[in-house]
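# Residue-level structure breakdown
The residues making up each chain are set out below.
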Amino acid sequence: MRLDPEGNESGALAALAPELAGGRVLEIGSGDGRLTRRYADRARAVIATDPDQAALAKFERSMPAHLRERIELRAEPWHRLEPWGGPFTVVIFAWSL
Amino acid sequence: MVDALRLAGRLLVPGGPVIDLHPTAEPAHVEIETGAGTVHVGDLTEDGTERTPSRRHADADAALAALVQAGTVAVDARREIAFRRYADSPAELQQYLAETRTHSWLSDDTRRQAESVMGAHRTAVLWLREQVSLSRLRFIRS
């Protein structure tokens, strides 16, 4: 399977949120990191959350080396979200509302 | 959903945006590009429960509309895109959906229709298309 090879989703995201570049990002519902991987190299830091620990484990295993220092994974449900070190520049609800 | 958005607003720098991405309530379409045009061979079948994708996505739209109506958030910008999942065969798509979805699936009828169209066009390209809405939200008050 090939998911959105045209990059329609990440292109629209970049256009709607230029703050992603250099920003501190909270992504809610990251799952296996399909979307995260497409923008994280432009962000300063990303906290990717999902209550699905299996999906996060898959994300961890497949994370490119150059993103490992930039992305932090947290298996938290939405009601336990915190600033974790400071307010975020952008919050993304990734197919999770 | 409303509570999740309100909490998100409290975690942001002042004026920072929330970006919401979710599929629209439109069903997911199974389509094939034959070289002579795009053929719609069917939609995913849904189980009709409250966890059905189209119902969940309609609920997300309603939650967002409620916050806008209440003056809690403003929608500063919105886009809609086509999100496609490409499969090499109807069988691959059916297997993928069986592994990743619990409330919608590719029916045997739609699979047979897709196989028929692909069998008639050697260079046919099969995909599942969902329309996805992206909104940039600004909190007016929490």
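Before going into details, it helps to say that this report is about the structure given with it. (Residues numbered from 1 in each chain as written. Chains lettered and ligands numbered in written order. Predicted model: local features only at pLDDT ≥ 70, side-chain atom pairs only at ≥ 80, totals over all residues. Heavy atoms only, no water.)

## A look at the pairing of strand β3 (residues 38-43) of chain B
Residue and element names in this part refer to chain B. Alignment of strand β2 (residues 29-33) against β3, held across five bridges, turns out to be antiparallel. Residue pairing in the sheet places His29 in a bridge with Asp43 of β3. Hairpin connection, β2 to β3: the antiparallel pair is bridged by four residues, and Gly35 has positive phi, about 105°. (Pairing = 2+ DSSP bridges. Helix = DSSP H or I, 4+ residues; strand = E, 2+ residues; numbered from the N terminus.)

## Observations regarding the interface of chain A and chain B
A common measure of how large an interface is: the accessible area buried when the components associate. Facing 34 residues of chain A, the contacting portion of chain B comprises 37 residues. Counting each side, the surface lost to burial between chain A and chain B is near 3200 Å², with a carbon and sulfur contribution of 69%. The largest per-residue losses of area from chain A upon contact with chain B belong to A:Met1, A:Trp95 and A:Leu97, which jointly make up 28% of the total buried on that side. Two residues, B:Asp88 and A:Arg2, come together in a salt bridge whose shortest N-O distance is 3.3 Å. Our count for the chain A to chain B interface comes out at 15 residue pairs in polar contact (both at pLDDT 80 or more). Of all elements in the fold, only β1 (2-3), α1 (8-16) and β5 (90-94) of chain A reach the threshold of two or more residues within the side of chain A that touches chain B. Residues belonging to the side of chain A that touches chain B are distributed by class as follows: 23 nonpolar, four polar and seven charged. Pairing analysis gives four bridges linking β5(A) to strand β1 (residues 18-23) of chain B, with the strands arranged parallel. Looking across to β1(B), one finds that A:Phe93 is bridged to B:Asp20. (Contact = heavy atoms within 4.5 Å. Buried area = accessible area lost by both parts, 1.4 Å probe. Salt bridge = Lys/Arg side-chain N within 4 Å of Asp/Glu carboxyl O. Polar contact = N/O pair within 3.5 Å; in protein donor to acceptor, adjacent residues only side chain to side chain. Nonpolar A, V, L, I, M, F, W, Y, C, P; charged D, E, K, R; others polar.)

## Some details on the layout of surface pockets
Of the voids in this model, the largest pocket is the one considered here, and its volume is about 1500 Å³. Listed by contribution, the elements that provide at least two residues to the lining of the largest pocket are β2 (24-28), α3 (53-62) and β5 of chain A together with α2 (53-69) and α3 (90-100) of chain B. With four residues, the single largest contributor to the lining of the largest pocket is α2(B). Here the lining of the largest pocket is composed, by residue class, of 17 nonpolar, ten polar and 15 charged. (1 Å grid on protein atoms, 1.4 Å probe; cavity = no way out; pocket = protein on both sides within 12 Å on 5 of 7 lines; lining within 4 Å. Points joined across faces, edges and corners; volume = space filled by probe spheres on them.)

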